[in-house]
Amino acid sequence: MANVYVIIPAAGAGNRMKAKTKKQYLKLCGSYVICHTLSVFLENDLIGNIALVVPEEDIDICRQVLEDMDCSNVLFVSGGVTRQESVYKGLVALESLADEEDIVVVHDGARPLLTQEVLIKTIDAAKAYGSAICAVKVKDTVKLIDERNIVAKTLPRDKLVAVQTPQAFKYGILKRAYKHAMRVGFLGTDDASLVENIGYDVHVVEGDYENIKLTTPEDMILAEEILKRREKIKACKALSEDREINLQSEKNCNFRIGIGYDVHRLVENSLLILGGVEIPHRLGLEGHSDADVLVHAVMDALLGAAGLGDIGMHFPDTDDKYKGAYSIDLLKKVGEIVFDSGYSVINIDAVIIAQKPRIAPYIPQMRSNISRALKISENVVNIKATTTEKLGFVGREEGIAAKSAAMLMKGRNKLDS
Ligand code: CTP
Ligand code: MG
């Protein structure tokens, strides 16, 4: 079976990025661009050795930048003046390892958003056809212009693709193509053009519009947004897996239920806020936020039903941001998180467990606060109150507790505004 090797040209100066640091060492979501790129290959079991081509003077910096990653299969290679020269140096570095029939994948160090899906597709096509590149359909109309800036020809858009990396080839083919290009002095803008020149067919697989090359400053903004979105999806998926949610049954089930429970201590000199309503009382609830037990129980019920953890995860009490927070504002955020994960609220039920004061007069305002925060109808928010007949900590007026249940459905129900 053919081995798979990788060349990552990362020896450019990044002039168009106009940053003080070379673009491969800029950070995206807290991690260096080159780490993002390299990790795609390190996470793939198909990959053998990786030739990471960096400027000669950067080899030590690069080792430092990558110190947290297992780079035992990475060869650090010093780059050339052009990308083509850098890739060639990578090919030479792999010479003693790779056979003619092995696959070599070339991928720009400046494309950190490559997915496993596109990588695997490209490798598979190279195994089958000898040469493969990934590309996306062109969205804009492309015209040829002459030196006077006059349109010479409008090209047929449906036959045009914009080519990305990875580009993968049998090692023997790519080496011959590079040797030939050097002999005739051909400088191509990608690896495939060198292979085309020696008469091989290059197979095209579908790339990914998100697999952008970081070239100019605005590419960094876009890449950061794409990464953030991917990380969010990954975190939610990991959470679901952790909780051993059976994905199959989740798929078939449109309804989900969750429960929430909270207790706070009653103290002097503190406000009593329940369901966002300030209730006059000689004692109030103590807590990091406004200690609104009712809203906390409702939030946990909603997050629980959506399989998204609990309020401690989303609003940690170690974070000063939430000190004194008005819990109804946090509920609004929970509503958005639940909505964004594709659920609508069917109904919420809750009970406040308090010996004193009398809660009933404030319930209508609590229902209104909660339903407005969640942008749902008041009719689906039910709140009750009970005492414990003077039993336990509630009976002794040491604290107030609240319990809640929430039912969600997948999709948008017509109540959602
Ligand atoms: N590259 C390389 N050796 C070079 C030039 C480029 O390995 N002599 C690499 C870059 O590091 C990048 C990829 O080839 O990962 C694509 O090149 P490009 O986007 O043009 O990057 P730079 O050459 O660094 O940027 P610029 O052209 O703006 O200077
Ligand atoms: Mg360049």
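Residues numbered from 1 in each chain as written. Chains lettered and ligands numbered in written order. Predicted model: local features only at pLDDT ≥ 70, side-chain atom pairs only at ≥ 80, totals over all residues. Heavy atoms only, no water.

### So, the overall build of the protein chain
Secondary structure summary: the protein chain contains 13 helices and 18 strands in total. A globule of 417 residues ought to have a C-alpha radius of gyration of about 22 Å, yet the protein chain, at 30 Å, is considerably larger. Taking the principal axes of its C-alpha atoms as reference, the protein chain extends roughly 95 × 50 × 45 Å. Counting every position in the protein chain, which comprises 417 residues, the buried fraction comes to 49%. (Helix = DSSP H or I, 4+ residues; strand = E, 2+ residues; numbered from the N terminus. Rg over C-alpha atoms; globule rule 2.2 N^0.38 Å. Buried < 20%, exposed > 50% of the residue type's maximum accessible area, 1.4 Å probe, protein only.)

### Observations concerning a nonpolar patch on the surface
A cluster of nonpolar residues, Val-161, Val-163 and Val-204, forms a patch on the protein surface that exposes about 210 Å² of accessible area. Structurally, Val-163 can be placed in strand β10 (residues 161–170). Under the relative-accessibility criterion, Val-163 is labelled partly exposed at 36%. (Patch = residues over 30% accessible without salt bridge, like charges linked within 9 Å, V, L, I, M, F, W, Y side chains within 5 Å. Areas by Shrake-Rupley, 256 points an atom, 1.4 Å probe, with all protein chains shown as cover. Salt bridge = Lys/Arg side-chain N within 4 Å of Asp/Glu carboxyl O.)

### Overview of the pairing of strand β5 (residues 74–78)
The element β5 is largely enclosed, with a buried count of four among its five residues. At this point the chain moves from strand β4 (residues 47–54), through helix α2 (residues 59–65), to the parallel β5, and the crossover so formed is right-handed. (Right-handed = clockwise from strand over helix to strand, strands pointing away.)

### Overview of the nonpolar core
Of all hydrophobic cores here, the largest spans 49 residues; its most connected members are Leu-274, Leu-302, Leu-331 and Met-366. Broken down by secondary-structure element, the contributors of at least two residues to this core are α9 (293–306), α11 (327–340), β16 (343–353), α12 (363–374), β17 (381–386) and β18 (399–410). It is α9 that provides the largest number of residues to this core, a total of 11 residues. Dropping the residues within four chain positions of it, Leu-274 is found in contact with Ile-279, Leu-285, Asp-292, Val-293, Leu-294, Ile-352, Ile-359, Met-366 and Ile-400. With 34 residues, the next largest nonpolar core counts Ile-8, Ala-10, Ile-50 and Val-118 among its residues. (Core = buried A, V, L, I, M, F, W, Y, C linked by side-chain atoms within 4.5 Å. Contact = heavy atoms within 4.5 Å.)

### Examining the sheet that holds strand β12 (residues 255–267)
Within a sheet, each strand pairs with its neighbour through backbone hydrogen bonds, oriented either parallel or antiparallel. Spatially, the five strands line up as an open sheet ordered β15-β12-β18-β16-β17, and their pairing is mixed. A strand with exactly one partner marks an edge of an open sheet, and here the two such strands are β15 (284–286) and β17. Averaged over neighbouring strand pairs, the angle between their axes works out to 30 degrees when direction is ignored. Pairing geometry for β12 and β15, over three bridges, is antiparallel. From the neighbouring strand, Leu-266 faces β15, where its bridge partner is Leu-285. Its contacts with the sheet put α9 on β12, β15, β16, β17 and β18, and the angle it makes with β12 is roughly 155 degrees. Sitting on the sheet, α12 touches β16 and β17, and the angle it makes with β17 is about 145 degrees. (Pairing = 2+ DSSP bridges. Axes fitted to C-alpha atoms, helices over the stretch in contact; angles between N-to-C directions.)

### A word on the domain arrangement of the protein chain
Here the protein chain is partitioned into domain 1 (4–206) and domain 2 (217–410). The centre of domain 1, based on its C-alpha atoms, is set 48 Å off from the matching centre of domain 2. At the boundary of domain 1 with domain 2, total buried surface from both sides reaches about 930 Å², with 75% on carbon and sulfur atoms. At the surface where domain 1 touches domain 2, the tally comes to zero salt bridges. (Domains from an automatic or database assignment. Buried area = accessible area lost by both parts, 1.4 Å probe.)

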